[in-house]
Amino acid sequence: MRRRHGGYRTPVFVLDEVPHLEDPIMVVGLSGWVDAGMSGAQAIEVLAAQSAVRVLARGDSDALVDFSHTRPQIEGLGSDRSVEFPRVELSVGTATLAESESQEKFASLPRDIVVLTGPELSLRWESSVANIVDTAKTLGVTTIISLAGTPAPVSHRRPLTVLSVRFDRGAD
């Protein structure tokens, strides 16, 4: 049974506000199977910290995540314990240069960013991805970059290979 929210049963994100962003890019870092060594999640953490992002919306983890694969974490000891459930979050901020970086190298900075973090979605893929793309369009995003690590038998003594893949519907 489909309901409102653009045909999604329950939207991943409902924006209470649509901030004014200048030519933002979206950077996605979901932890899970396709994030070996949590390299994508850790890169996103650094980017978010350097960009002073603020949470714009939180997804309904119960509707998006299978907790038999992505377990909640127990924090604290004794009677001071609490259960922390993995959260899918959409944040916004402005990416800037670290003091040691050259402006010539990163001519497009500072730049507004939209950051999608949390566990890899394990439920409702089709409607979730459609809602995330619609949310990105609402925020003015034209480019989405996904960060992840692929499990591979590599030596720690050799240089790592970085793979970049681009999909552009407008390209021939």
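Sequence positions are assigned chain by chain, starting from 1 and proceeding in written order. With pLDDT at 70 or above as the cut-off, local features in this predicted model cover only qualifying residues; side-chain atom pairs require 80 or more to be listed or tallied, and sums for whole chains, interfaces and linings still use all residues. Each side-chain value is worked out from all heavy atoms of the structure, with water and hydrogens disregarded.

On to the overall build of the protein chain, then. Segments assigned H or I by DSSP are reported as helices when at least four residues long, segments assigned E as strands when at least two residues long, and all are numbered from the N terminus. Counting secondary structure elements, the protein chain contains 3 helices and 7 strands. Each helix (α) and strand (β) of the protein chain, taken in turn from the N terminus, gives the series β-α-β-α-β-β-β-β-α-β. Using a 1.4 Å probe on the protein chains alone, a residue whose accessible area is under 20% of its type maximum counts as buried, one over 50% counts as exposed, and one in between counts as partly exposed. When each of the 172 residues of the protein chain is scored for burial, the buried share is 31%. Only the protein chains shown count as cover for residues, and all accessible areas are computed by the Shrake-Rupley method using a 1.4 Å probe. Carbon and sulfur atoms form 52% of the exposed surface of the protein chain, whose accessible area is close to 12,100 Å².

Once that is clear, we can look at helix α1 (residues 39-51). Helix span, expected: 1.5 Å multiplied by one less than the number of residues in the helix. Relative to the 18 Å expected for 13 residues at 1.5 Å per residue, α1 spans 18 Å between its end C-alpha atoms, a close match to the ideal helical length. Residues of α1 that are buried include every one of Gly-40, Ala-41, Ile-44, Ala-48 and Ser-51, and no others. Viewed end-on, α1 has its buried residues packed into an arc of 95°, placing them on one side of the element. Facing away from the buried side of α1 by more than 90 degrees, the exposed set consists of Glu-45 and Ala-49. Contact between two residues is taken to exist if any of their heavy atoms lie within 4.5 Å; hydrogens are not considered. Close packing links the buried residues of α1 with β1 (25-31), β5 (89-95) and β6 (111-119). Directly beyond the C-terminal end of α1, a positive phi value near 45° is found at Ala-52. Here the arc refers to the directions that run from the helix axis out to each C-beta atom.

Let us look at the nonpolar core. Residues Phe-13, Met-26, Leu-90 and Val-114 are the most contacted members of the largest nonpolar core, which totals 20 residues. Contributions of two or more residues to this core are made by β1, β2 (54-58), β5, β6 and α3 (125-138). For Met-26, the residues in contact, after removing those within four places along its chain, are Leu-90, Val-114, Ile-132, Ala-136, Val-141, Thr-143, Ile-144 and Ile-145. Among buried residues, the Ala, Val, Leu, Ile, Met, Phe, Trp, Tyr and Cys ones that are joined through side-chain atoms within 4.5 Å form a nonpolar core. Core analysis: the second largest hydrophobic core is formed by 6 residues, Ile-25, Ile-44, Ile-113 and Val-115 among them.

Now for the confidence of the model for the protein chain. Here the protein chain averages 80 in pLDDT, and 84% of its residues register 70 or above. Per-residue confidence from the predictor is given as pLDDT, running between 0 and 100. For the protein chain, the element scoring lowest by mean pLDDT is helix α2 (residues 61-64), at 78; β2 scores highest, at 92. Taken together, the stretch residues 1-5 has pLDDT below 50 and engages in 5 contacts with residues farther than four places along the chain or on a different chain.

Aromatic pairing here means that ring centres of Phe, Tyr or Trp (its six-membered ring) are within 6.5 Å. Orientation follows from the plane angle: under 30 degrees is stacked, over 60 is edge-to-face, and everything else is tilted. Taken as a whole and assessed by the stated rule, the structure comprises 1 aromatic pair. Note on Phe-67 and Phe-85: the rings are 5.4 Å apart at their centroids and 70° apart in plane angle, and the pair reads as edge-to-face. Here Phe-67, found in the loop between α2 and β3 (73-75), pairs with Phe-85, found in the loop between β4 (82-84) and β5; they are 18 residues apart in sequence, far enough to count as distant. Looking at Phe-67, the relative accessible area reads 18%, which means it is buried.

All right, on to a nonpolar patch on the surface then. Only residues whose relative accessible area exceeds 30% and that form no salt bridge are eligible for patches; like-charged ones are grouped when within 9 Å, while nonpolar side chains (Val, Leu, Ile, Met, Phe, Trp, Tyr) are grouped when within 5 Å. One side-chain nitrogen of Lys or Arg within 4 Å of one carboxyl oxygen of Asp or Glu is enough to make a salt bridge. A contiguous nonpolar surface patch, about 340 Å² in accessible area, is contributed by Trp-125, Val-129, Val-133 and Ile-144. Looking at which element gives the most residues to the nonpolar patch, the answer is α3, with 3 residues. Checked against the element boundaries, Ile-144 lands in strand β7 (residues 143-146).

We now examine the sheet that holds β5. A pair of strands is considered paired only if DSSP assigns at least 2 bridges between the two. The 5 strands lie next to each other as β2-β5-β6-β1-β7, forming an open sheet whose pairing is mixed. On the outer flanks of this sheet lie β2 and β7, each paired with one strand and no other. Each neighbouring strand pair of the sheet contributes to a mean axis angle of 25°, computed without reference to strand direction. One ladder, built from 7 bridges, connects β1 with β6; its direction is parallel. Following the sheet pairing, Ser-31 is matched in β6 by Pro-119. Packed on one face of the sheet, α1 meets β1, β5 and β6 and runs near 135° to β1. Fitted lines through C-alpha atoms serve as axes, helices being fitted only where they are in contact, and the angles separating the N-to-C directions of these axes extend from 0 to 180 degrees.

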